[in-house]
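Examination of the molecular architecture
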Amino acid sequence: MWWLSNPQDLHRVEDRVSTLYVEKCHVDRDDNAVVLVNKERTVRVPAAFVATVLLGPGTRITSAAVRLLADSGTALCWVGDRGVRMYAAGLGPSRGAGLLMRQAYLVTRTSERLDVARRMYAKRFPDDDDVTTATMQQLRGREGARIKKIYRDHATRTGVTWNKRVYTHGDPFADSDDINRLLSAGHSCLYGICHAAIVGIGASPALGFVHTGAATSFVLDIADLYKADYTIPLAFDLAAAGLTDERDIRTAFRDKVADGHLMARIIHDIKDLLIEEGTRDNDEDALHLWDELDGHVPGGVNWAADLADQTDDTTILGVTGPDTDQPPPPW
């Protein structure tokens with residue numbers, strides 16, 4: 001357990017199985033293993049060997065299992081079928097904040113934020129243009145032209161009538177045709193996968209580099225990397241086949257990402273964007289106290305003696321109450 005062991009005793013996230021998806025199971029604890037029970041079999045999973053557990057439909061989990069996963073630094077995400085919705089998440093106390101602090105550092109500095117945004121756009125069109133010196137206005141223009149071409153190409157390929165992307169904020173399925181509704185539903189599924197991956201590795205879904213101001217800004221940033229490969233062609237294929245319900249693309253997308261390759265790709269891309277080249281992601285439990293001179297000092301230490309050495313005759317520290325042999329004041 002995290003309070004009984006050194007941080008090094010917990011397995012690093014990068015050395016763990018990235019995700020474990022569970023559905024239609026009872027999840028319990030047996031010693032230091034999570035036990036998955038269904039009508040067919042019982043499976044034991046060492047808790048500290050999994051980075052993120054995705055709890056799908058039909059799942060029940062005990063408090064003991066939740067405590068074990070939290071103590072092991074394993075993230076818990078309550079998701080839809082095959083992870084295509086993200087409902088809630090919890091994170092144990094033994095996960096380090098290094099990745100989150102690095103993300104906050106990059107997003108609050110203009111030059112570093114622009115550099116990350118450029119690398120995001122470079123991942124979308126690696127064989128097209130050099131974007132190492134592009135401004136955000138130029139990046140948005142190039143991306144707009146690229147995505148329009150992708151829509152036109154898939155419309156030509158499938159024979160689906162295409163006018164433009166129609167999206168009503170707050171009600172993505174209102175006032176739009178079949179292909180637009182499929183696109184909105186498919187993107188929603190993709191957001192769930194990206195949200196689970198971001199939370200699972202300890203980054204913030206709110207600190208976006210291209211998108212900003214929303215609690216899921218970084219989710220939108222990351223999802224945009226994969227729409228051209230996953231949801232857009234899938235939506236046009238379904239529209240061409242006459243499958244236009246939200247459930248059609250939800251189940252099709254679920255089957256498309258069931259091999260787990262997308263989740264692994266997302267985690268790799270997030271770390272590639274946030275972590276400096278040549279450095280390792282330090283996900284250890286490194287609880288420190290911030291210091292304006294040294295950066296940080298160890299936590300769990302009583303610093304009273306150190307403070308006393310630094311005080312002078314004019315410094316008075318203390319909390320004084322009434323003497324115990326006198327009655328309390330009337331107020």
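Before reading further, recall that the structure is shown in the block above.
Parameters and conventions
- Residues numbered from 1 in each chain as written.
- Predicted model: local features only at pLDDT ≥ 70, side-chain atom pairs only at ≥ 80, totals over all residues.
- Heavy atoms only, no water.
- Helix = DSSP H or I, 4+ residues; strand = E, 2+ residues; numbered from the N terminus.
- Buried < 20%, exposed > 50% of the residue type's maximum accessible area, 1.4 Å probe, protein only.
- Contact = heavy atoms within 4.5 Å.
- Areas by Shrake-Rupley, 256 points an atom, 1.4 Å probe, with all protein chains shown as cover.
- Core = buried A, V, L, I, M, F, W, Y, C linked by side-chain atoms within 4.5 Å.
- Phe/Tyr/Trp six-rings, centres within 6.5 Å; stacked < 30°, edge-to-face > 60°.
- Pairing = 2+ DSSP bridges.
- Axes fitted to C-alpha atoms, helices over the stretch in contact; angles between N-to-C directions.
- Parallel < 35°, antiparallel > 145°, perpendicular 65-115°, else oblique.
- Left-handed = near helix turned anticlockwise from the far one by under 90°.
- Nonpolar A, V, L, I, M, F, W, Y, C, P; charged D, E, K, R; others polar.
- Salt bridge = Lys/Arg side-chain N within 4 Å of Asp/Glu carboxyl O.

**Digging into the overall build of the protein**
Within the protein, the regular secondary structure consists of 10 helices and 10 strands. Counting across all 331 residues of the protein, residues that qualify as buried make up 40%. Long-range contacts, defined here as pairs at least 24 residues apart, represent 61% of the contacts in the protein between residues at least 6 apart. Surface exposure of the protein reaches about 18700 Å², of which carbon and sulfur atoms provide 52%.

**Comments concerning unusual backbone geometry**
Positioned with a positive phi, Lys24 is a non-glycine residue whose angle comes to about 50°. Position of Lys24 among the secondary structure elements: in the loop between β1 (17-22) and β2 (26-30). Look at Lys24 and you get exposed, because its relative accessible area is 56%. For Asp31, which is not glycine, the phi torsion reads 60° and is therefore positive. For Asp31, a relative accessible area of 59% gives the class exposed.

**A word on the nonpolar core**
Side chains of nonpolar character tend, in soluble globular proteins, to be buried together. Of all hydrophobic cores here, the largest spans 56 residues; its most connected members are Ile222, Tyr226, Phe253, Leu262 and Ile266. Here Ile222 is in contact with Met120, Cys194, Ile198, Ile266, Ile270 and Leu273, once residues within four sequence places are set aside. Formed by 14 residues, the second largest nonpolar core is a distinct cluster that contains Ala47, Val50, Leu55 and Leu76.

**Points about the packing of aromatic side chains**
All told, the structure shown has four aromatic pairs when counted by the stated rule. With a centroid separation of 5.6 Å and an interplanar angle of 55°, the aromatic rings of Trp162 and Phe236 are classed as tilted. Here Trp162 is found in the loop between α4 (136-158) and α5 (178-200), whereas its partner Phe236 is found in helix α7 (residues 231-240), with 74 residues between them in sequence. Owing to a relative accessible area of 15%, Trp162 belongs among the buried residues under this scheme. Residue Phe236 is classed as buried on the basis of its relative accessible area of 0%. A connected cluster of aromatic rings, assembled from ring pairs, spans Tyr151, Trp162 and Phe236.

**Focus on the sheet that holds strand β4 (residues 42-46)**
The four strands are arranged β4-β3-β2-β6 in an open sheet whose pairing can be described as mixed. Taken across any chain shown, the strands that pair with only one partner, and hence form the sheet edges, are β4 and β6 (60-61). For β2 and strand β3 (residues 33-37), the ladder comprises five bridges, and the chain directions are antiparallel. Paired with Asp28 across the two strands is Val35, which belongs to β3. The sheet strands contacting helix α1 (residues 63-71) are β2, β3 and β6, and the helix crosses β2 at an angle near 65°.

**A closer look at the packing of α4 against α7**
At a closest axis distance of 10 Å, the pairing of α4 and α7 adopts a crossing angle of 30°. Classed by the angle they form, the pair α4 and α7 counts as roughly parallel. Note that α4 runs across α7; the crossing there is right-handed. Contacts between α4 and α7 involve Ile147, Ile150, Tyr151, His154, Ala155, Arg157 and Thr158 from the former and Ile232, Pro233, Phe236, Asp237 and Ala240 from the latter. The residue makeup of the contact of α4 with α7, split by class, is eight nonpolar, two polar and two charged.

**Here we look at the pattern of salt bridges**
On inspection of all chains with the given rule, the structure shows 17 salt bridges. The salt bridge involving Asp115 is made with Arg119; its shortest N-O contact spans 3.3 Å. Here Asp115 and its partner Arg119 are both found in helix α3 (residues 110-124), four residues apart, which amounts to about one turn of the helix. A salt bridge links Asp224 to Arg124; the nearest nitrogen and oxygen atoms lie 3.9 Å apart. Taken together, the positions of Asp224 in the loop between α6 (217-223) and α7 and Arg124 in helix α3 put the pair 100 residues apart, joining distant regions of the chain. The burial state of Asp224 is the same as that of Arg124; both residues are buried. Each of Arg124, Glu143, Arg146, Asp224 and Lys227 takes part in a single network of salt bridges with overlapping partners.

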